[in-house]
Protein chains: 6
Amino acid sequence: MNIQTVKAHCDIPCGIYDPITAQIAALSVIRMVDLLEGLEKADTLNYENSLSRYIDVKETETEKVKHEIRIIWGDFIKPPMVEKYPEIHSLVHNIMALGSTNRQHVSRDKAMELLEAVNDFAQIFWEIKGVETKKIKAHYLPSEEIVVPA
Amino acid sequence: MNIQTVKAHCDIPCGIYDPITAQIAALSVIRMVDLLEGLEKADTLNYENSLSRYIDVKETETEKVKHEIRIIWGDFIKPPMVEKYPEIHSLVHNIMALGSTNRQHVSRDKAMELLEAVNDFAQIFWEIKGVETKKIKAHYLPSEEIVVPA
Amino acid sequence: MNIQTVKAHCDIPCGIYDPITAQIAALSVIRMVDLLEGLEKADTLNYENSLSRYIDVKETETEKVKHEIRIIWGDFIKPPMVEKYPEIHSLVHNIMALGSTNRQHVSRDKAMELLEAVNDFAQIFWEIKGVETKKIKAHYLPSEEIVVPA
Amino acid sequence: MNIQTVKAHCDIPCGIYDPITAQIAALSVIRMVDLLEGLEKADTLNYENSLSRYIDVKETETEKVKHEIRIIWGDFIKPPMVEKYPEIHSLVHNIMALGSTNRQHVSRDKAMELLEAVNDFAQIFWEIKGVETKKIKAHYLPSEEIVVPA
Amino acid sequence: MNIQTVKAHCDIPCGIYDPITAQIAALSVIRMVDLLEGLEKADTLNYENSLSRYIDVKETETEKVKHEIRIIWGDFIKPPMVEKYPEIHSLVHNIMALGSTNRQHVSRDKAMELLEAVNDFAQIFWEIKGVETKKIKAHYLPSEEIVVPA
Amino acid sequence: MNIQTVKAHCDIPCGIYDPITAQIAALSVIRMVDLLEGLEKADTLNYENSLSRYIDVKETETEKVKHEIRIIWGDFIKPPMVEKYPEIHSLVHNIMALGSTNRQHVSRDKAMELLEAVNDFAQIFWEIKGVETKKIKAHYLPSEEIVVPA
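Everything quoted here is computed from the prediction, not taken from an experiment.

Considering the overall build of chain A
Here is step 1 of the chain: When its secondary structure is counted, chain A shows five helices and two strands.
Here is step 2 of the chain: The helix and strand sequence of chain A, counted from the amino end, reads α-α-α-α-α-β-β.
Here is step 3 of the chain: Expected size for 150 residues packed as a compact globule is a radius of gyration near 15 Å; at 16 Å, chain A falls within 12% of this value.
Here is step 4 of the chain: Within chain A, contacts between residues separated by at least 24 positions form 66% of all contacts whose residues are at least 6 apart in sequence.

Here is the structure:
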């Protein structure tokens, strides 16, 4: 059951879909895990404050990944594309599962798996659009690789 | 691209999933179409006010259907269930497409198709849980049929 | 003072009111209390992660109960019904107070009181609509009783 | 049924309640009605744009009034105060009804009634707190009177 | 990157701007710091519950300060006013920085600095509008001074 | 006065700032203007539905531009950078003003001005980070130029 329902404008349909939003969110999940794992335990309010905030951001960014991917999958991907990329349903379903895993745990491996699955999705997305891609390191921490237009 | 990202609490995982929320939202979409089609055109602010509000609610309720179904599909449905119900990915993908159609149009037929697809999803959901179902008429307008536990 | 203001669509007025949404939210509050009380204390990030998330969901689900009941009370309940059910104002006021209590504490007794008050409200609601009710156990944990149409 | 659920922080309980937020929202409802009634009809996108935006703001500000008053009533008002101000339940119930009316119509009279009811609530609120009040004209359009601490 | 995007209605433009909303939010930040610092450490769920909730409210109220000030600065303050109050850009930029500081720490001094900066902004705002001001103690805890119309 | 307050996670501070989100939102504003101007007037509910939805998305995407730029300006830009880029306060203030203009009007010229101002901001942002940029055409309609890392 959801807490809020949101508007996904690309139902317009306006054609403005870009997996970068989901990729930035996936990077943010990794970043939160790194911050959580790097946090020095202390018996202070500042420690509790940081702990609580990092967990909360991990939560919202993971949900953002799931929401953004759902929009592109549900609105942009049409049955003929599914025929060409029959694995896309399982890939998206797996992104949802990885999202849940990352909400329920603090694990860099699982956060990396989420980013990789989102990159796989981005790869297919840009292929469908006929746009060549490259892998670059993100220009900010956690500096992991993302698939973007070449 | 989304306007807001939301928290879907059942990632807890708490096990509290119920398609009734999506079904009520689908009924609301039909109701908005009925209200829109029944609205007598007039050159008044009250007319414009109702028109704008019904469209806005249709928009948010349709998005709610998509969001709720995504949560149950992404969090509750596991790979072994997909093997047993291999049509579930296409069914969910179709609910997303019907959602878009209903946002882009004012059509009772399309709104009914959305409710039916959501009922099909509810049927599978309760089967997986081993709960028998029945079809009842909703206790409020538009009084269409929904699949609920017997 | 509120953080966000929300749209309650049934001001349309569309007549689609259903206390089940508040009842599911009340069940979720109980479930969070159960999860919190069952959580084994550990000096790990996963423990902190779960603790923080269960509290956050308890918070939002309790607020959801209050919000949903306010909508039905404020939009559906009219002065003539208040004459017939003069206790309804106090009942709703008490649901608000119980909501606050549940946000401020982790207490199964208080969470059960909230569900019972919401069930009382549901009973009156369905009576007003002339729909017979029954008590069933929820089809998911915490498996407590809810009042639903027969 | 609600679109979003929100957090009302004063459940903390922190004691920071101030009806001014509801009063500003009620003034905004009146302002939107004035803007809507003053809008010169034209066959242009700018006209449609303004029409749609004013209605949308009227909607959200009215909901804000209802939400803010619900919070103070539900969290700050305790049973002993209800004994002293037995009319408070009806007053709040009436604010909810006036809110619905203002969402469903474009009417300056109804918007003024909403502000007046909110002022009545503010009067009781400050009396309970032992703070003297005065009536002042708002320092911005629509320049209607609000009850504030002296 | 944001979690949600919100509507700031005064883009209408309706002329209803009031720094009191930001001031109440700044008072709430101080109040949360006071509650956090006054919280007696205990190995109980109720302790964890309060800790988590106070941090969360501090977070949202600080963001509210930033959002409200951005709206008035961005929508109400026009280039000619900037000429007259050339310090306003730095003042607003500093409010944003103080907001971040208060989210990242639990510090009464920093929370007081935030309130003072918001009061400075309120002072300029009312001067521009030609409204005389006074300093009063807030009618609720933390009872700190705010600048309001005389 | 705002409708909702939102969490801007980069207050963490996590260092994940990327103007692409604001740029995509600015492209979306242009796209909505194009769709609005291309909409053939008709006396149908589908026409009213599209009109209302395009305006609503224009509204939220414009607000998103303002919100995203505020976050980077308020959280990432520090006083020493302001010394090096003394025009940045005016640039950001102008983006806010252009945002308001675009909410209040349907104008391709004004939407283009908004995108250009956001591109100017992106240019400064990447310069501060020491990342070279290039201008590319967006890979989707409205296919206007955006400044991105080379």
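Quick look at the packing of helix α2 (residues 45-76) of chain B against helix α5 (residues 108-128) of chain B
Helix-helix packing: each pair is described by the crossing angle between the helix axes and the interaxial distance.
Residues and elements named next belong to chain B.
Here is step 1 of the chain: Where α2 contacts α5, the axes come no closer than 12 Å and their chain directions differ by 25°. The angle between the axes of α2 and α5 places the two elements in the roughly parallel class. Read as a crossing pair, α2 and α5 show a hand that is left-handed. Contacts from Thr62, Val65, Ile69, Ile72, Trp73 and Phe76 of α2 reach α5 at Leu114, Val118, Phe121, Phe125 and Ile128.
Here is step 2 of the chain: Of the residues in the contact of α2 with α5, the class split is 10 nonpolar, one polar and no charged.

Quick notes on the pattern of salt bridges
Here is step 1 of the chain: Inspection of every chain in the model, using the stated rule, returns 54 salt bridges over all chains.
Here is step 2 of the chain: One salt bridge in this structure joins B:Glu63 and A:Arg70, with 2.3 Å as the shortest N-O distance. One end of the pair, B:Glu63, is in helix α2; the other, A:Arg70, is in helix α2 (residues 45-76), on a second chain. One exposure class covers both B:Glu63 and A:Arg70, and it is buried.
Here is step 3 of the chain: Beyond isolated ion pairs, a larger network of salt bridges with shared partners links A:Arg53, E:Glu59, E:Glu63, E:Arg103 and F:Arg70.

Examining unusual backbone geometry
Residues and elements named next belong to chain A.
Here is step 1 of the chain: Residue Pro142 is bonded to the preceding Leu141 through a cis peptide linkage, with omega at 10°.
Here is step 2 of the chain: The residue Pro142 is located in the loop between β1 (133-137) and β2 (145-149) in this model.
Here is step 3 of the chain: Non-glycine residue Ser143 carries a positive phi angle of around 55°.
Here is step 4 of the chain: The residue Ser143 is located in the loop between β1 and β2 in this model.

Side note on helix α5 (residues 108-128) of chain D
Residues and elements named next belong to chain D.
Here is step 1 of the chain: Taking 1.5 Å as the rise per residue, α5 with 21 residues should run 30 Å; its terminal C-alpha atoms sit 30 Å apart, in good agreement.
Here is step 2 of the chain: Three or more residues of α5 are buried, namely Ala111, Met112, Leu114, Leu115, Ala117, Val118, Asn119, Phe121, Ala122, Ile124, Phe125 and Trp126.
Here is step 3 of the chain: The first or second residue beyond α5 is Gly130, which carries a positive phi of 70°.

Observations regarding the packing of aromatic side chains
Here is step 1 of the chain: For the structure shown, the criterion picks out 21 aromatic pairs over all chains.
Here is step 2 of the chain: Relative to B:Phe76, the ring of B:Tyr17 lies with its centre 5.5 Å away and its plane at 55°, an arrangement referred to as tilted. Here B:Phe76 lies in helix α2 and B:Tyr17 lies in the segment before α1 (20-38), a separation of 59 residues in the sequence.
Here is step 3 of the chain: Among the residues examined, B:Phe76 registers a relative accessible area of 14% and is labelled buried.
Here is step 4 of the chain: An angle of 80° between the planes, with centres 4.9 Å apart, marks the rings of D:Phe125 and D:Trp126 as edge-to-face.
Here is step 5 of the chain: Grouped by ring-pair contacts, the aromatic residues A:Tyr17, A:Phe76, A:Phe125 and A:Trp126 constitute a single cluster.

Description of the environment of A:Glu40
Here is step 1 of the chain: In this structure, A:Glu40 sits in the loop between α1 (20-38) and α2.
Here is step 2 of the chain: In this structure A:Glu40 comes out as exposed when scored by relative accessible area, which is 70%.

So, helix α4 (residues 88-104) of chain B
Here is step 1 of the chain: Here α4(B) spans 24 Å end to end across 17 residues, near enough to the 24 Å set by a 1.5 Å rise per residue.
Here is step 2 of the chain: The buried fraction of α4(B) is high, at 13 of 17 residues.

Quick word on the environment of C:Tyr85
All names here are of chain C.
Here is step 1 of the chain: Within the element layout of this structure, Tyr85 appears in the loop between α3 (79-84) and α4 (88-104).
Here is step 2 of the chain: What makes Tyr85 buried here is its relative accessible area of 10%.
Here is step 3 of the chain: Spatially, the C-alpha atom of Tyr85 lies 7.9 Å from that of Ile124, the residues being 39 residues apart in sequence.
Here is step 4 of the chain: Beyond its immediate chain neighbours, meaning those up to four positions away, Tyr85 contacts Ile124, Glu127 and Ile128.

A short note on the environment of C:Pro79
Residue and element names in this part refer to chain C.
Here is step 1 of the chain: If you trace the backbone, Pro79 turns up in helix α3.
Here is step 2 of the chain: Judged by relative accessible area, Pro79 falls into the exposed class, the value being 54%.
Here is step 3 of the chain: Spatially, the C-alpha atom of Pro79 lies 36 Å from that of Val106, the residues being 27 residues apart in sequence.

Here we look at the side chain of C:Glu48
Here is step 1 of the chain: For C:Glu48, the location among the structural elements is in helix α2 (residues 45-76).
Here is step 2 of the chain: Of the buried charged residues, C:Glu48 lacks a salt bridge, with A:Lys41 as the closest side chain of opposite charge at 4.5 Å.
Here is step 3 of the chain: Apart from the residues within four sequence positions on either side, C:Glu48 is in contact with A:Lys41, A:Leu51 and A:Ile55.

Notes on the packing of α1(A) against α2(A)
All names here are of chain A.
Here is step 1 of the chain: Their axes nearest at 8 Å, the elements α1 and α2 cross at an angle of 155°. In terms of orientation, α1 and α2 fall into the roughly antiparallel class. Of the two possible hands of crossing, α1 and α2 adopt the one that is left-handed. Across from Thr21, Ala22, Ala25, Ala26, Ser28, Val29, Met32, Val33, Leu35 and Leu36 in α1, the residues of α2 making contact are Leu51, Tyr54, Ile55, Val57, Lys58, Glu61, Thr62, Lys64, Val65, Glu68 and Ile69.
Here is step 2 of the chain: Of the residues contributing to the contact of α1 with α2, the split by class is 14 nonpolar, three polar and four charged.

A few points about the confidence of the model for chain A
All names here are of chain A.
Here is step 1 of the chain: Residues with a pLDDT of 70 or more make up 92% of chain A, whose mean pLDDT is 93.
Here is step 2 of the chain: Residue range residues 1-9 is modelled with pLDDT below 50. Its contacts to residues more than four positions away, or to other chains, number 64 contacts.
Here is step 3 of the chain: Taken over the whole predicted complex, pTM reads 0.94, whereas the ipTM for its chain interfaces reads 0.92.

Conventions adopted
- Residues numbered from 1 in each chain as written.
- Chains lettered and ligands numbered in written order.
- Predicted model: local features only at pLDDT ≥ 70, side-chain atom pairs only at ≥ 80, totals over all residues.
- Heavy atoms only, no water.
- Helix = DSSP H or I, 4+ residues; strand = E, 2+ residues; numbered from the N terminus.
- Rg over C-alpha atoms; globule rule 2.2 N^0.38 Å.
- Contact = heavy atoms within 4.5 Å.
- Axes fitted to C-alpha atoms, helices over the stretch in contact; angles between N-to-C directions.
- Parallel < 35°, antiparallel > 145°, perpendicular 65-115°, else oblique.
- Left-handed = near helix turned anticlockwise from the far one by under 90°.
- Nonpolar A, V, L, I, M, F, W, Y, C, P; charged D, E, K, R; others polar.
- Salt bridge = Lys/Arg side-chain N within 4 Å of Asp/Glu carboxyl O.
- Buried < 20%, exposed > 50% of the residue type's maximum accessible area, 1.4 Å probe, protein only.
- Expected span 1.5 Å × (residues − 1).
- Phe/Tyr/Trp six-rings, centres within 6.5 Å; stacked < 30°, edge-to-face > 60°.
- Lys, Arg positive; Asp, Glu negative; His and termini not counted.
- pLDDT = per-residue confidence, 0-100.

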